[in-house]
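Remarks on the overall topology
So the chains spell out like this:
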Amino acid sequence: MSDDRRIDARYPTELAAVARLGTATVEATCTNLSLTGAFLQCAAAVKPGDPVEVSLKPRRATPDDVEMKGEIVYSVRSGGVWATGFAVRWLQPADPVPLRRLDLRRELGTFVL
């Protein structure tokens, strides 16, 4: 039995992202993604429960970024085994339309949300 409590499977990505944390804007890399959350690799001081707005930037030529609102679930500090960054839970997981616009078959060649 797995200890993974995630509702939806997460998939590895390398998508450029921008996280807006209050008045701060941080460039990040989205290293995994699902319909209910993501992990953003970046150096940002955050704490669980903080609100965040995330813009995911598809690699293909398109004017549209995917905009999602979420909250911080946990953060990882530098110096450990895991990459520095934070996990985010989307606040609108019932509406997968923005994430489906990514067409991750093209982005990753492996799946589509």
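Residues numbered from 1 in each chain as written. Predicted model: local features only at pLDDT ≥ 70, side-chain atom pairs only at ≥ 80, totals over all residues. Heavy atoms only, no water.

Considerations on the overall build of the protein
Secondary structure assignment for the protein yields 2 helices and 6 strands. From first element to last, N terminus to C terminus, the protein shows the α and β order β-β-β-β-β-β-α-α. Contacts spanning at least 24 positions in sequence make up 52% of the contacts within the protein whose residues lie at least 6 apart. Put simply, the protein shows about 6800 Å² of open surface, and 52% of that area lies on carbon and sulfur atoms. (Helix = DSSP H or I, 4+ residues; strand = E, 2+ residues; numbered from the N terminus. Contact = heavy atoms within 4.5 Å. Areas by Shrake-Rupley, 256 points an atom, 1.4 Å probe, with all protein chains shown as cover.)

Details of the nonpolar core
Counting residues in hydrophobic clusters, the biggest one holds 22 residues, and the most contacted among them are Leu40, Val52 and Phe86. Elements that contribute at least two residues to this core include exactly strand 1 (11–21), strand 2 (24–33), strand 3 (37–41), strand 4 (51–57), strand 5 (66–76) and strand 6 (85–90). When sequence neighbours within four positions are dropped, the list of residues in contact with Val52 reads Ala19, Arg20, Leu21, Met68, Lys69, Gly70, Glu71, Ile72, Phe86 and Val88. (Core = buried A, V, L, I, M, F, W, Y, C linked by side-chain atoms within 4.5 Å. Buried < 20%, exposed > 50% of the residue type's maximum accessible area, 1.4 Å probe, protein only.)

So, the environment of Thr31
Following the sequence through the fold, Thr31 ends up in strand 2. Spatially, the C-alpha atom of Thr31 lies 9.8 Å from that of Ala17, the residues being 14 residues apart in sequence. Other than its neighbours up to four places away in sequence, Thr31 contacts Tyr11, Pro12, Thr13, Phe39 and Gln41.

Side note on the packing of aromatic side chains
The description of an aromatic ring pair rests on the distance of the ring centres and on the angle between the ring planes. Here the structure, examined in full by the defined rule, presents 1 aromatic pair. When the centroid spacing of 6.4 Å and the interplanar angle of 35° are considered together, the rings of Phe39 and Tyr74 count as tilted. Here Phe39, found in strand 3, pairs with Tyr74, found in strand 5; they are 35 residues apart in sequence, far enough to count as distant. You can call Phe39 buried: its relative accessible area is 9%. (Phe/Tyr/Trp six-rings, centres within 6.5 Å; stacked < 30°, edge-to-face > 60°.)

A word on the sheet that holds strand 1
Pairing in this closed barrel of 6 strands is antiparallel, and the strands run 1-2-3-6-5-4 around the ring. Going across the sheet, the axis of each strand differs from the next one's by a mean of 45°, ignoring polarity. When strand 2 meets strand 3, the two strands line up antiparallel, connected through 4 bridges. Opposite Thr29, over in strand 3, you have Gln41 as the bridge partner. (Pairing = 2+ DSSP bridges. Axes fitted to C-alpha atoms, helices over the stretch in contact; angles between N-to-C directions.)

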